[in-house]
Amino acid sequence: MSHPLPINNQESFVLNLGPQHPATHGVLRVKLTMDGEYIMHAEPVLGYIHRMHEKMGENRTWAQFMPNTGRMDYLSALSFNHCYAALVEKAMGIEVPERAEYLRVITVELNRISSHLVWFGAFILDLGGFSPLLYAFDDREHILDLLESVTGSRLTYCYFRFGGLYNDIDENFVDGTREFIKTMRERLPMYHNLVTKNIILIKRIKDIGPISKETIRKYGATGPVARGSGIDYDIRKNEPYSIYPEFDFDIPVYTECDSMARYMVRMDEIEQSMRIIEQALDKLPEGPIMAPKVPKILKPPKGDYYQAVESARGSLGMRAVSDGTNKAYRLKVRSPTFSNLSLFSEVSEGMLLPDALALMGSLDLVIPEIDR
Amino acid sequence: MGAYFKELFSGTKSLFVGLQITFGQMLKPLVTQQYPHEISTMTPRFRGHIELIPKEDGTTKCIVCGMCQRSCPSGCITVAGEKREGVKGKVLTKYRLDFTKCSLCGMCVESCRPGAITFSKEYNLASTRKEDYTFDLLKRLEEKAK
Amino acid sequence: MDSEIIRVIAFLVGVIAFAALNAAYLVWLERKEAAHIQRRIGPKEVGPFGLLQPMVDGIKLMTKQILIPDGVDPILFRLAPILAMIPAIMCFVTIPFSQELVARNINLGLLMIFAFASINVLALLLGGWASANKYAVISAARAVAQNVAYEIPMLITVITMVMITGTLNLNDIVAQQPNISQWYIFRFSASPLMPVAFLIFFVCSLAETNRAPFDLSEAESELVAGFHTEYSSMGFGLFFMGEYANIVIGSSLAVILFLGGWQDPFGLFPGVWWFLIKLYCLIFTVIWIRWTYPRTQFYGLLNLSWKILIPISLFNLLLTAGFLKVF
Ligand code: SF4
Ligand code: SF4
């Protein structure tokens, strides 16, 4: 619901939302100029958790930067791993063995599901419902257990290596993943009955926070945010990388443009990710998980390289400029939520505070990824 | 008017369905682990802080090549060794890990040719003092050997 | 001294103790119930099943420093929590726990409860205003606006009830419902919409007590803690107790008006236990609802009130009037 009347400038006040506020996960600060509960202007203030990852990329060897990638977006660390590994492989011309590619896809998709589950819980929490968060975390815990058993860590993974993987999976992982998909398939209808079909939730997010196609294009928003506005764009299909073309999956697109559409896109993506994982597990080939001849010290030839992958939040791109030494000359990360947040200011104008927060929740912000 | 009653009806129904689901969850068994009372065992690949692997005689396999120190992105490892009479190669005299900076990435473990280091399974590390996180791995190894 | 005065004083002390104990143990119930809904275990360390937890929490609250921030209105700031608690206690005075167990059996009991219950909003308004905090002010404004939304359908429903019962005396109302078929929720001879009337009353009392899904003025994901953002120690504690006392009163009224108060469903052993059983079942439901639904939006509550609750309760009022006339 947006402001019915022209906003009266005289009675406005400034509300500082964050950097410590229950609705802004992490340290995002939004300076709101408000007229009563209507937002006249919202200005996101960034930089509270800036860690200079890009600069660190220029100071470390190519391999040493790997652990950093997992720390930018702590919810889909493997996508960042993947992007960086693929980038350096492109630069070095390394061929990744098939088994490794399959395992990459399986783990990245698992990570995507876990990221969407956290978003789901946190979004409903923003809207005041507490229990779905804990149900989602219960399911996510199974994914973390699975990923921990192969990668060794639970959140900030550092699993991919240039030319392959850190280590191979075992039988338990395959069985565990199949088991998880089975339980998740049973849980999803529960989520839909408890949350999606709930009249209170529908009233809260349907037709709230409409983002037009033009706005999406203007700010370069990607991922579920763009797909919720009817833009059929997913790097996995549009600029295929890894072995995604071998799988049969759909890209959920909704044309309603509202928060509900973005919500539905993510819920459907969970199902699609499970389809990909199932196919990958069925087709999983035997073989090595590391390319045979990866040099110890990496010195990519001079040049400019770019790699994009679809992270849980949208199109993630990394660009590296190499001057032929063992360190990058420049490493630029294009993080999806930065663009997705940029449109908040324009879209939230004239909205009520709770609606704007619902909109913000539906953008799925991960602050460390915005600030890097 | 029809739509009004339809929404009223389906909306009310959705509310009762929600209540039914949460009630069902209430009757299901707990899923949480009572942490200090129950302690979970870590999976074999769990990455705790690194530690030296003892040989059968309790000494280390480390040849003080310094690869781990060089590959560590955060510079948390300091190794030192010395030449000794009658021993081939160098002998490890100091292996310090500054765990405050370690990101548990595993570069050191992978770069170690003789396989002298591995991840420990320790995760109960909490302290209010920074010094508690500077581990002398050689000393730990010696204590373990005893 | 007059024995009547002693009686009232004894009851008041009892009521205050009851309110405080209830607040403490409803917190425990809330935490336990929420935990089990979320498949956790809840408080368990202090005492068996964590039963001593509320006591410990209470001691902690009382020993905390009362912070009075700069720029607040010192008198109103101190007054507001007290104003939140007193009306709640006053309402207890007329509630018949059993036929004899009632502090003051006033003929206008129902009216008195509504009179005092509306003071509660004033306390929130004062607290929010005096805090000189933007979140608190927004929250106070919401609380007042919310008042308009739920009071009207609630009062219409109560008028319907009064038309049927013909009295405002709570004890008499209970006396009219000796067994389950006579409970007003199932009294279809008065109006076929009685269960709906009960639902309307229940929803409104949720809104009145600022409980989820209508906790707009405490929406922690929007307004941090709403009107009590700046309160610490027992200032916060009193708001908290007042809130739980209001839940008890709202549920008590629902029990008295619709579920036969202290009457036995089978007409055998009426007494205070039946009142308490029914009361806590309702409170259980209130908590259960809180941990199931997301929060409504402000216009959602207004739409609900003006488009659904008020028309239906008005329709029910007319229907009941017709039934009373015809039969
Ligand atoms: S795990 Fe990584 S950060 Fe930690 S000591 Fe080894 S190389 Fe350094
Ligand atoms: S890499 Fe291995 S052998 Fe070399 S110094 Fe480190 S621990 Fe010792």
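Analysis parameters
- Residues numbered from 1 in each chain as written.
- Chains lettered and ligands numbered in written order.
- Predicted model: local features only at pLDDT ≥ 70, side-chain atom pairs only at ≥ 80, totals over all residues.
- Heavy atoms only, no water.
- Pairing = 2+ DSSP bridges.
- Helix = DSSP H or I, 4+ residues; strand = E, 2+ residues; numbered from the N terminus.
- Axes fitted to C-alpha atoms, helices over the stretch in contact; angles between N-to-C directions.
- Contact = heavy atoms within 4.5 Å.
- pLDDT = per-residue confidence, 0-100.
- Near = heavy atom within 4 Å.
- Nonpolar A, V, L, I, M, F, W, Y, C, P; charged D, E, K, R; others polar.
- Phe/Tyr/Trp six-rings, centres within 6.5 Å; stacked < 30°, edge-to-face > 60°.
- Buried < 20%, exposed > 50% of the residue type's maximum accessible area, 1.4 Å probe, protein only.
- Lys NZ or Arg CZ within 6 Å of the ring centre and 35° of its normal.
- Left-handed = near helix turned anticlockwise from the far one by under 90°.

Draft legend 1. Just the sheet that holds strand β6 (residues 303–311) of chain A, in detail. All names here are of chain A. Across the sheet, three strands lie side by side as β6-β7-β8; this open sheet has antiparallel pairing. Every interior strand has two partners, whereas the edge strands, β6 and β8 (328–334), have only one. Averaged over all adjacent pairs, the angle separating strand axes in this sheet is 15°, with direction ignored. The pairing of strand β7 (residues 314–322) with β8 spans six bridges and is classified as antiparallel. What sits directly across from Gly317, in β8, is Arg334. Strand contacts of helix α3 (residues 77–92): β6, β7 and β8, with the helix running at about 150° to β6, the strand carrying the most contacts.

Draft legend 2. Spatial organisation of the confidence of the model for chain C. Overall, the predicted model of chain C reaches an average pLDDT of 82, with 99% of residues at or above 70. Listed scores for the predicted complex are pTM 0.87 and ipTM 0.81.

Draft legend 3. The site of ligand 2, seen in detail. By nearness alone, every residue bordering ligand 2 is listed as Cys62, Ile63, Val64, Cys65, Gly66, Met67, Cys68, Tyr95, Cys112 and Pro114 of chain B. Tallied by class, the residues present in the shell around ligand 2 amount to nine nonpolar, one polar and no charged.

Draft legend 4. Quick look at the packing of aromatic side chains. Scanning all chains against the criterion turns up 25 aromatic pairs over all chains. Ring geometry for Tyr231 of chain C versus Phe239 of chain C: centroids 5.0 Å apart, planes at 75°, classification edge-to-face. Exposure remark for Tyr231 of chain C: the relative accessible area of 8% places this residue in the buried category. Through pairs of rings, three or more aromatic residues link up here, namely Trp119, Phe120, Phe123, Tyr191 and Tyr263 of chain A. Arg140 of chain A extends its terminal NZ or CZ atom over the ring of Phe137 of chain A, reaching a point 5.1 Å from the ring centre. Over the ring of Phe249 of chain A we find Lys237 of chain A; its NZ or CZ atom is 4.4 Å from the centre of that ring.

Draft legend 5. The packing of helix α8 (residues 194–208) of chain C against helix α11 (residues 272–290) of chain C, seen in detail. All names here are of chain C. Two elements in contact, α8 and α11, have axes separated by 12 Å at closest approach and are oriented at 65°. The hand of the α8/α11 crossing is right-handed. Note on element contacts: α11 touches α8 through Leu282, Thr285, Val286 and Ile289, opposite Phe198, Phe202 and Leu206. Each residue belonging to the contact of α8 with α11 can be placed in one class, and the counts come to six nonpolar, one polar and no charged.

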